[in-house]
Every structure is written in C-alpha cells, then in structure tokens.
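# Structural description and commentary
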Amino acid sequence: MPKDTSYTSLQPDARGYFPYAAEDDAVWRELFTRQMAFLPGKVAPEYLDGVRKLRLSADKTPQVKDIDARLQKLTGARAYGVPAIIPPSQFYDLLSKRTFPVATFLRRREHMDYIEEPDLFHEVFGHCPMLTNTAYADFIEGFGQRAKALGYWYSLHLFRRFWFTVEFCMSRSAEGLRAYGAGIVSSPSEAEHATDGTAVMQDFDLLTVFRTPYRIDIVQPTYFVIDSFDQLAATLDADFGALIAQAKASGDLPALFESKQAV
Ligand code: FE
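Okay, so let's go over this structure. Per-chain numbering applies: the sequence of each chain, read as written, is numbered from 1 onward. Where totals are concerned, whole chains, interfaces and linings use all residues; where local detail is concerned, this predicted model gives features only for residues with pLDDT of at least 70, and gives and counts side-chain atom pairs only at 80 or more. Computation of side-chain values: all heavy atoms of the structure, hydrogens and water removed.

### Section: the sheet that holds strand 6 (residues 222-226)
Note on pairing: DSSP must find at least two bridges between two strands before they are called paired. A run of H or I in DSSP becomes a helix once it reaches four residues, and a run of E becomes a strand once it reaches two; helices and strands are each numbered from the N terminus. With mixed pairing, four strands are arranged side by side in an open sheet as 4-3-6-5. Of all the strands in the sheet, the pair left with one neighbour each is strand 4 (176-179) and strand 5 (200-203). Between one strand axis and the next, the sheet turns through 40° on average, direction left out of account. Working rule for contacts: check all heavy atoms of both residues, and any pair within 4.5 Å makes them a contact. Where helices are involved, their axes are fitted lines through C-alpha atoms of the stretch in contact, as for all axes, and angles between N-to-C directions lie from 0 to 180°. Across the sheet, helix 7 (residues 155-167) is in contact with strand 3 (169-173) and strand 6; its angle to strand 3 comes to roughly 45°.

### Observations concerning the packing of helix 7 against helix 12 (residues 240-250)
Where helix 7 meets helix 12, the closest approach of the two axes is 10 Å, and the angle between their N-to-C directions is 105°. Here helix 7 is positioned roughly perpendicular relative to helix 12, judged by the angle of their axes. Packed against helix 7, whose contacting residues are His157, Leu158 and Arg161, the element helix 12 presents Phe240, Ile244, Ala247 and Lys248 at the interface. Residues of the contact of helix 7 with helix 12, tallied by class, amount to four nonpolar, one polar and two charged. Here roughly perpendicular refers to angles of 65 to 115 degrees, roughly parallel to angles under 35, roughly antiparallel to angles over 145, and oblique to all remaining angles. Gly counts as polar in this scheme, as do all residues outside two lists: the nonpolar Ala, Val, Leu, Ile, Met, Phe, Trp, Tyr, Cys and Pro, and the charged Asp, Glu, Lys and Arg.

### Brief notes about helix 2 (residues 45-53)
Each residue's exposure class comes from its accessible area (1.4 Å probe, protein chains only) as a fraction of the maximum for that residue type: buried when under 20%, exposed when over 50%, partly exposed otherwise. Within the sequence span of helix 2, burial applies to Tyr47, Gly50 and Val51. Each buried residue of helix 2 lies within a common arc of 100° when the element is viewed along its axis, so the set occupies one face. In this structure, the buried residues of helix 2 make contact with helix 1 (22-38), helix 5 (120-127) and helix 8 (182-185). In this description, the arc belongs to the directions extending from the helix axis to the C-beta atoms.

### A closer look at the environment of leucine 243
By the secondary structure assignment, leucine 243 is in helix 12. The exposure class assigned to leucine 243 is buried, which follows from its relative accessible area of 17%. A sequence separation of 221 residues divides leucine 243 from alanine 22, and the C-alpha atoms of the two residues are 49 Å apart. The residues touching leucine 243, leaving out its near neighbours within four places in the chain, are Leu206, Leu207, Phe210 and Ala238.

### Brief notes about the packing of aromatic side chains
Each Phe, Tyr or Trp ring, with Trp reduced to its six-membered ring, pairs with another whose centre is within 6.5 Å; inter-plane angles below 30 degrees give stacked pairs, above 60 give edge-to-face pairs, and intermediate values give tilted ones. In the structure shown here, the tally under the stated rule is 23 aromatic pairs. For the ring pair tryptophan 28 and phenylalanine 32, a centre distance of 6.2 Å and an interplane angle of 25° mean the geometry is stacked. In this pair, tryptophan 28 and phenylalanine 32 both sit in helix 1, four residues apart, roughly one turn of the helix. By relative accessible area, which is 0% here, tryptophan 28 ends up buried. The exposure class assigned to phenylalanine 32 is buried, which follows from its relative accessible area of 8%. Taking the centre distance of 5.3 Å and the plane angle of 70° together, the rings of tryptophan 28 and phenylalanine 121 count as edge-to-face. Of this pair, tryptophan 28 sits in helix 1 while phenylalanine 121 sits in helix 5; the two residues are 93 residues apart in sequence, bridging distant segments of the chain. When sorted by exposure, tryptophan 28 lands in the same class as phenylalanine 121, which is buried. Among the aromatic residues, ring-to-ring pairing joins Phe91, Tyr92, Phe100, Phe139, Phe143, Phe162, Phe210 and Phe240 into one connected group. Of note, arginine 108 hangs over the ring of tyrosine 7, and the distance from its end group to the ring centre comes to 4.2 Å. For a lysine, the NZ atom is tested; for an arginine, the CZ atom; a charge sits over a ring if that atom is within 6 Å of the ring centre and within 35 degrees of the ring normal.

### Description of the coordination of the iron ion
The reference angle at a metal is 109.5 degrees if four donors form a tetrahedron and 90 or 180 degrees if six donors form an octahedron. Metal coordination here is assigned from N, O and S atoms located within 2.8 Å of the ion, or within 3.2 Å for Na, K and Ca; omission of water means that sites may look incomplete. Taken together, the protein donors to the iron ion comprise His122 (NE2), His127 (NE2) and Glu167 (OE), at separations of 2.0 to 2.1 Å. Written as a sequence motif, the donor residues of the iron ion are H-x4-H-x39-E. Of the two residues, histidine 122 and histidine 127, both sit in the buried class.

### Description of the nonpolar core
By size, the foremost hydrophobic cluster in this structure holds 76 residues, and its most contacted members are Tyr47, Tyr136, Phe143 and Tyr180. Here this core gets seven residues from one element, more than from any other, and that element is helix 6 (residues 134-149). Sequence-distant contacts of tyrosine 47, that is, excluding residues within four places in its chain, are made with Leu39, Phe125, Gly126, Pro129, Met130 and Val185. What we call a nonpolar core is a set of buried Ala, Val, Leu, Ile, Met, Phe, Trp, Tyr and Cys residues that are connected through their side-chain atoms within 4.5 Å. With five residues, the next largest nonpolar core counts Ala84, Ala103, Phe105 and Ile115 among its residues.

### Side note on the environment of isoleucine 86
By the secondary structure assignment, isoleucine 86 is in the loop between strand 1 (78-82) and helix 4 (88-96). By relative accessible area, which is 15% here, isoleucine 86 ends up buried. Sequence separation between isoleucine 86 and glycine 197 is 111 residues, and the spatial gap between their C-alpha atoms is 34 Å. The residues contacting isoleucine 86, other than those within four sequence positions of it, are Phe91, Leu94 and Pro101.

### Regarding the state of the cysteines
What counts as a disulfide here is a pair of cysteine sulfur atoms lying within 2.5 Å. Throughout the structure, instances matching the rule amount to zero disulfides. Free of any disulfide, cysteine 128 has its nearest cysteine sulfur in cysteine 169, 15 Å distant.

That's the geometry; what it means functionally is another story.
Here's what the structure looks like:
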C-alpha cells in the first residue's frame, strides 16, 4: 500500500479466498454494470472475448484464485494477488513468469470514478481479460523478461513502454479504432475521452513511445495504436536497450500537456 492510502490490505482465508463484504459486491456490481454498458463498440473484440472467457459478471466480486485458474487453462498466464503496488523488480519478475500481479482490495464508493492506486476492479476488469489472448500474454511475458534484464538506467523508459502499450493504448479493428488498455477500459472518464475523437492517435512506433512523456493524473492527450496483438508481440524482437539509449540521446518529444509531474 502507498504510505498515504486510506485502504488496508486484505488477508486471504485458508483456501486462498479474500473476504469481500456485501458492500464490496455492490461496488463491483455497479462498476461492472456501468462499464459493460458503455464499452461495446468502443473496445477491442479480443477484450470483450476475454471478459466472457473469464466469466466475469456483475453478480459477485471475483476472486483472484478463480481468475488465475481460468487464465492458466486458457493461455498459461497467471494472476497473483498482492496487497497493492509492488516494487518494479518484483513486478517485472512476475511478468517474466507470465504472471500478472493483482491488487486485491476493492475501491470504496467515494472513489467510484477515480482511484489513484490500482484496485481489484482495475486489475481484474482492466488487465485480466487481455491475458486470455495468447499473443498479448506472450507480450507481457517477453516484456517482463526484457525489463528484468535491463537495469535501473532504463526504468523510466520501460514505464513509458508499459504505459503506452498496456495501460493506455488502442488497436485497429475492421470497425475502427478500439481501446484495449487497462487504464481505459476500467475508467469511465478515460474510456469516454479515448473514444470521443478528441485525443491524438499515433501509429505505434517503439522509439516514439520511449521518447513520449506522460502524466498519471490527467486523461491522456495521446494514445498509440497497434494493428494487431501479433504486432505487439513482434515488437519484442527490437533491441530495447539500444532504442532506449537512442531515445535518451535524442531527448523527449514535446509534451502534449502542461509539464508538471511528467514521467
Ligand atoms: Fe494497471
């Protein structure tokens, strides 16, 4: 948990299940229902497919243990419960094992629309459906392996890579641009913004991604667009270390937002 959080971590019972209360179920139901009504036609078909394959529903707060079992059968990916944000070294180590860390606490009603720290809704509803796609799971695993191999000198640029291809990103479909990033699909305001035609859409280019600063506290002024998840997985063939060195030498591109708190 971050130091200033008002949330406390949950402890699983002997069977590995977390004790979600009736109020948690009510919050989950409201978040799930609202997003599922809004997202069709705006998100990648692979994402909605994943929601179905994981059998996510409005009925009950999902348990990481159940999501983990379903993911394992589908693509060999795993979900691993953690109290909240974990250090980058542990994060990349888990990804390199095809495992996604999932914060297990659920937001309270006063944070329905925005919560700074990732909670269960962001993790399970936002991230886990895409892990049912083999090419996407391959990408997550490969990204973790490469990030783990690179040291601290590369970390800011690796965060940018994660930000623009896992959290806030779009893909092309036969029907047009569709969101698949977890930060978009799990956030009502970001989903609205990403699909209302006001943001700058850029074709995915790894060097440009490494040179693009972002802020975590605003809706994103720009998103990168991939043609397919196979393309995403294929980007792992690039030499991350050399490209990051090149990005550092070239410097950052001008920010599309006021500069305070850029990452
Ligand atoms: Fe996330």
